[in-house]
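Spelled out from the first residue to the last, the chains are:
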Amino acid sequence: MTKRHVSLPPLAEEGLRAFIDEVDERLSGDEDTCDVVTDVLVDLHGDRDAYERWQDGADISPAERVRLQGYDPCNTTLESEYYAEKDEERFKRSKHLQWLWRQFDATPMADNVEFALRFRRMLADHLFESCGEGCRFFKGISFTYGHNIEIGDNVVVHDDVHLDDRGKLTIGDRVSISDDTHVYSHDHDAVDQTHVDLYHTIIEDDVRLTYDSMVRAGVKVGENAILAAKSIAGKDIPAHHIAAGTPAKSLTVKDGWESVAEPIEGANVDRRAERQLSYDLPDDLDQFDEFQRDLSPPDRE
């Protein structure tokens, strides 16, 4: 069974297309991204009258001021903004686009599927490193930066998925990522939690990551493989394998693919070290340790 085509009424379709085209054109032009994002969010939240009154110097309450200032991404911070190794130049723009994506999801229009899918797909062209044709992004998807993500054609990402691109994340064609899935590209040291390793995580063509599963940083999930619900992939999953468990292990090969798949025995190999990414920190970095712990193990000289 496949999906059926659904169309909006002609007037709704006309308005939808005009709005998305206008935002796309503004984001592609020379306008300041903060200004574009602010205008779009003010109108989507129906707050234009209050915003104009504030801009004209009218008296407003502290709560109103915080709300109206918050439409401008230049007045906001994201968790990823605190990460020491981030690319400052690329983040200047991706932060603003990520704010638009997240705050759009907080509007009632985010539940209008036909509109929301097309709006997010348009934003993906501006936010991600690359994004193929025919992709569908549902509600509540989060990213670390956005600009370290490469996505192929006809990918479907369902509700409340986290795509961590603190390192690098590559997703192939026709991949399906189910609700509540988490895909990571960074990891923390077991002893020193403040030490972060970055990886290139790869999800190859035709993979299915099913409900509430997790892919650890640096793992490659091979072509046409399945990661079962609530499973955690800590090692590579070969092409055409079905893997399940915590940690996930290959249980079987997809029916009909046996002749081109690796054997089940010894299939799941840890190759994360091959995909570790190096990075440099600025010499003048103003660092802080949020944990303030003594990280010196008593048994280590």
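Residues numbered from 1 in each chain as written. Predicted model: local features only at pLDDT ≥ 70, side-chain atom pairs only at ≥ 80, totals over all residues. Heavy atoms only, no water.

A. Summary view of the pairing of strand β7 (residues 168-171). In this structure, strand β4 (residues 149-151) lies alongside β7, joined through three bridges in parallel fashion. Within β7, the residue paired with I151 across the bridge is I171. Pairing of β7 with strand β11 (residues 196-203) involves four bridges; the strand directions are parallel. If you follow K168 over to β11, its bridge partner there is H200. (Pairing = 2+ DSSP bridges. Helix = DSSP H or I, 4+ residues; strand = E, 2+ residues; numbered from the N terminus.)

B. Structural context of the state of the cysteines. A full pass over the atoms with the stated rule returns one disulfide. One disulfide in the model links C34 with C74; its S-S distance is 2.0 Å. Its S-S torsion of about 100 degrees marks the bond between C34 and C74 as right-handed, since a negative value means left-handed. On the criterion of sequence distance, the pair formed by C34 in helix α2 (residues 33-44) and C74 in the loop between α4 (62-69) and α5 (88-104) is long-range, its members being 40 residues apart. (Disulfide = S-S within 2.5 Å.)

C. Local environment of the side chain of D165. Position of D165 among the secondary structure elements: in the loop between β6 (162-163) and β7. Buried charged residue D165 carries no salt bridge. Nearest counter-charge: R90, at 7.5 Å. A polar contact of 2.7 Å, which involves the side chain of D165, links it to the backbone nitrogen of G146. Dropping the residues within four chain positions of it, D165 is found in contact with F143, T144, Y145, G146, H147, N148, I149 and S185. (Buried < 20%, exposed > 50% of the residue type's maximum accessible area, 1.4 Å probe, protein only. Lys, Arg positive; Asp, Glu negative; His and termini not counted. Salt bridge = Lys/Arg side-chain N within 4 Å of Asp/Glu carboxyl O. Polar contact = N/O pair within 3.5 Å; in protein donor to acceptor, adjacent residues only side chain to side chain. Contact = heavy atoms within 4.5 Å.)

D. Representation of the packing of α2 against α5. Direction vectors running N to C along α2 and α5 enclose 5 degrees, while the axes themselves pass 10 Å from each other. With respect to α5, the axis of α2 lies roughly parallel. Between α2 and α5, the contacting residues are T33, C34, V37, V40, L41 and L44 on the first element and R93, H96, L97, W99, L100, Q103 and F104 on the second. Looking at side-chain class alone, the contact of α2 with α5 contains nine nonpolar, three polar and one charged residues. (Axes fitted to C-alpha atoms, helices over the stretch in contact; angles between N-to-C directions. Parallel < 35°, antiparallel > 145°, perpendicular 65-115°, else oblique. Nonpolar A, V, L, I, M, F, W, Y, C, P; charged D, E, K, R; others polar.)

E. How the structure looks around the pattern of salt bridges. Scanning all chains against the criterion turns up 25 salt bridges. Taking the shortest distance from any N to any O, the salt bridge between R118 and E114 comes out at 3.0 Å. Within this pair, R118 and its partner E114 are both found in helix α6 (residues 113-127), separated by four residues, close to a single helical turn. On the accessibility criterion, R118 (26% relative accessible area) is partly exposed.

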